[in-house]
Amino acid sequence: MIKRIPVGQLKVGMYVSDLNQDWIPHNNFKKQGVIKSEQVIAKIQGLGIKEIYIDTVRGLDCEDGLTAPEVERQNQAKLEAAGALPPALGARVDLADELSNAVRLHEQAKGLVSQVMADAKAKKALNVHSIESLADGMLESIFRNHNALSCLGRIRDKDSYLMEHSVNLSVLMSMFGKSIVVDKSLLQQTIIGALLHDIGKILVPDEVLHKPGKLTEREFAIIKLHSAMG
């Protein structure tokens, strides 16, 4: 039986069926297997994981766990409750009226992030005015109709991942900030931070950053440095 348990209940002898950590960037940990030592448990807890899935047929059980069907029922109930809530983000204009402006901003944002990364690699000063101007434009678009920019985040191009990821994060962060009524000046800084949050990756060797297979421990240590380098 598959159960979800608090990570604090994990014990030696349990069989992990899913680490529940797909959100961790560049994850380099094995997702399944029997827990054989306290050191492994400490490593899992150090990832920041709060809940984990175990297989009670292949390892020890846990009374505090929820079965997979129970988890699904809870999740479905939460989704239905959320769906019944009134929209948190109001739109000033129709989606069709804002979409062309959003497309222009989205392309401008990807181009600017690409240029910023190129400048950083060449050790040039960043054009702060351009970044602030773009953040202002994106913020106004979010307030006119957040759906226009957010729907563009569904576009995927593996060759533009770094740019698209940074732009999409800036849109999601500004939408979240708007929904909890954060001051506009702080929202602008949030957008700028999201646009630039991965800039350190430009200093990570390409053979590590774009490696298709599993990273070695040394490679994983290198890629984790990108935030400090940024």
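Note that this is a predicted model, so its numbers are computed, not measured.

Student: Can you tell me about the overall build of the protein, naming the residues and giving the values?
Tutor: Of the regular secondary structure elements, the protein holds nine helices and five strands. In the protein, the order of α-helices and β-strands from amino to carboxyl end is β-β-β-α-β-β-α-α-α-α-α-α-α-α. With the C-alpha coordinates of the protein rotated into their principal frame, the extents come out at 55 × 50 × 30 Å. The 230 residues of the protein split such that 38% are buried. Long-range pairs, those at least 24 residues apart, make up 75% of the contacts in the protein with a sequence separation of at least 6. A total of about 13800 Å² of accessible surface is found on the protein, and carbon and sulfur atoms cover 56% of it. For the protein, the separation between the mean place of its 28 positive charges and that of its 28 negative charges on side chains is 4 Å.

Student: So what's going on with the nonpolar core? Residues and values would help.
Tutor: In this structure, Leu 134, Met 138, Leu 149 and Leu 195 are the most contacted members of the largest nonpolar core, which totals 26 residues. Within the residue set of this core, elements represented by two or more residues are α3 (95-121), α4 (128-152), α5 (161-179) and α6 (184-196). For this core, the leading source of residues is α4, giving 10 residues. For Leu 149, the contacting residues outside a window of four places in its chain are Ala 102, His 106, Met 138, Ser 141, Ile 142 and Val 171. The next biggest cluster of nonpolar side chains, apart from the first, holds 13 residues, and it includes Leu 10, Val 16, Ile 41 and Ile 49.

Student: Talk me through the packing of aromatic side chains; I want residue IDs and the actual numbers.
Tutor: Here the structure, examined in full by the defined rule, presents zero aromatic pairs. The cationic tip of Lys 178 hangs over the ring face of Phe 143; the distance from NZ or CZ to the ring centre is 5.0 Å. Lying over the aromatic face of Phe 143, Lys 184 brings its terminal NZ or CZ to 4.5 Å of the ring centre.

Student: Mind laying out the sheet that holds strand β3 (residues 33-34), listing which residues take part and the relevant values?
Tutor: Either a parallel or an antiparallel arrangement is found when strands of a sheet pair, and the pairing is made through backbone hydrogen bonds. Strand order in the open sheet made by the five strands is β3-β2-β4-β1-β5, with antiparallel pairing throughout. The open sheet has two edge strands, β3 and β5 (66-67), and neither has a second partner. Two strands pair when backbone bridges link them, and strand β2 (residues 15-18) and β3 are joined in this way by two bridges, in the antiparallel orientation. Residue pairing in the sheet places Val 16 in a bridge with Gly 33 of β3.

Student: Now, about the environment of Ser 141: what can you tell me, with residues and values included?
Tutor: Positionally, Ser 141 belongs in helix α4. Sequence spacing of Ser 141 and Lys 36 is 105 residues, and the spatial spacing of their C-alpha atoms is 52 Å. Each residue touching Ser 141, except ones within four places of it in the same chain, is listed here: Glu 98, Asn 101, Ala 102, Leu 105, His 146 and Leu 149.

Student: I'd like to hear about the pairing of β2, residue by residue, with values.
Tutor: Of the strand pairs in this sheet, β2 and strand β4 (residues 51-55) are connected by two bridges, and their pairing is antiparallel. Counterpart to Val 16 in the pairing with β4 is Ile 54.

Student: An account of the pairing of β4 is requested, with residue identities and associated values reported.
Tutor: In terms of burial, β4 is largely enclosed, as four of its five residues are buried. The pairing of strand β1 (residues 2-6) with β4 spans five bridges and is classified as antiparallel. Across the sheet, residue Arg 4 finds its bridge partner in β4, namely Tyr 53.

Student: Explain unusual backbone geometry to me, and be specific about the residues and the numbers.
Tutor: Of note, the phi angle at Lys 123 is positive, near 60°, even though the residue is not glycine. Although it is not a glycine, Val 181 sits at a positive phi angle of roughly 60°. Checked against the element boundaries, Val 181 lands in the loop between α5 and α6. The exposure class of Val 181 is exposed, given its relative accessible area of 72%.

Analysis parameters
- Residues numbered from 1 in each chain as written.
- Predicted model: local features only at pLDDT ≥ 70, side-chain atom pairs only at ≥ 80, totals over all residues.
- Heavy atoms only, no water.
- Helix = DSSP H or I, 4+ residues; strand = E, 2+ residues; numbered from the N terminus.
- Buried < 20%, exposed > 50% of the residue type's maximum accessible area, 1.4 Å probe, protein only.
- Contact = heavy atoms within 4.5 Å.
- Areas by Shrake-Rupley, 256 points an atom, 1.4 Å probe, with all protein chains shown as cover.
- Lys, Arg positive; Asp, Glu negative; His and termini not counted.
- Charge placed at Lys NZ, Arg CZ, Asp CG, Glu CD.
- Core = buried A, V, L, I, M, F, W, Y, C linked by side-chain atoms within 4.5 Å.
- Phe/Tyr/Trp six-rings, centres within 6.5 Å; stacked < 30°, edge-to-face > 60°.
- Lys NZ or Arg CZ within 6 Å of the ring centre and 35° of its normal.
- Pairing = 2+ DSSP bridges.

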